[in-house]
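A closer look at the structure
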Amino acid sequence: MDGIRVVLDRAGLRRPILLHRVDATVWHFAEQAIARRWSTRVGLEDGDQMPDGRCAASNTDLVQDAITLYRA
């Protein structure tokens, strides 16, 4: 992920970056995006696990945990 950022920086491209992944990597990449002030997304189309490993009951549950992570 940092390799892509370096290439974009060297090329002088200044565009918003949306970082997201699927399944078991969703939360790790959400944390990385938040730390770098990049955009991210979390929803059932990306994965159905909550950060603690429980199965999410809804998109609302996933988004609420992402907001909590963002505000921490």
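The structure we're discussing is the one just above.
Reference entry: report on the structure contained in this document. (Residues numbered from 1 in each chain as written. Predicted model: local features only at pLDDT ≥ 70, side-chain atom pairs only at ≥ 80, totals over all residues. Heavy atoms only, no water.)

Some thoughts on the overall build of the chain
Note the following rule: Helix numbers and strand numbers start at the N terminus; a helix is a DSSP run of H or I with at least 4 residues, a strand a run of E with at least 2. A contact between two residues is defined here by any heavy atoms of the two lying within 4.5 Å. Computed with the Shrake-Rupley method and a 1.4 Å probe, the accessible areas treat only the protein chains shown as cover for residues.
A tally of regular secondary structure across the chain gives three helices and zero strands. Along the chain direction, N to C, the helices and strands of the chain fall in the order α-α-α. Judged by the C-alpha coordinates and their principal axes, the chain covers about 40 × 20 × 15 Å. Look at the contacts in the chain between residues 6 or more apart in sequence, and 31% of them connect residues 24 or more apart. Of the roughly 5,200 Å² of accessible surface on the chain, 52% is carried by carbon and sulfur atoms.

Comments concerning unusual backbone geometry
Rules: Relative accessibility thresholds used throughout: buried, under 20% of the residue-type maximum; exposed, over 50%; partly exposed, between the two (1.4 Å probe, protein chains only).
Look at D23: it is not a glycine, yet its phi comes out positive at around 55 degrees. On the basis of relative accessible area, D23 is assigned to the exposed category, the value being 55%.

Observations regarding the packing of aromatic side chains
Selection criterion: Centre distance within 6.5 Å is the pairing criterion for rings of Phe, Tyr and Trp, where only the six-membered ring of Trp is used; planes under 30 degrees apart are then read as stacked, over 60 as edge-to-face, and the remainder as tilted. Geometrically, a lysine NZ or arginine CZ counts as sitting over a ring once it is within 6 Å of the ring centre and also within 35 degrees of the ring normal.
What the rule picks out here adds up to zero aromatic pairs. Taking the ring centre of F29 as reference, the NZ or CZ of R21 above it sits at 5.5 Å. The ring of W38 has R36 sitting right over it, with the charged end atom 5.6 Å from the ring centre.

Structural notes on the nonpolar core
Inclusion rule: By nonpolar core is meant a set of buried Ala, Val, Leu, Ile, Met, Phe, Trp, Tyr and Cys residues that side-chain atoms within 4.5 Å join together.
Of all hydrophobic cores here, the largest spans eight residues; its members are V26, W27, A30, V42, M50, A56, L62 and A66. Of all the secondary-structure elements, those providing two or more residues to this core are α2 (26-36) and α3 (59-71). Considering each element in turn, this core owes the most residues, three residues, to α2. With near-sequence residues (within four places) excluded, W27 lies in contact with V42, Q49, M50, P51, L62, D65, A66 and L69.

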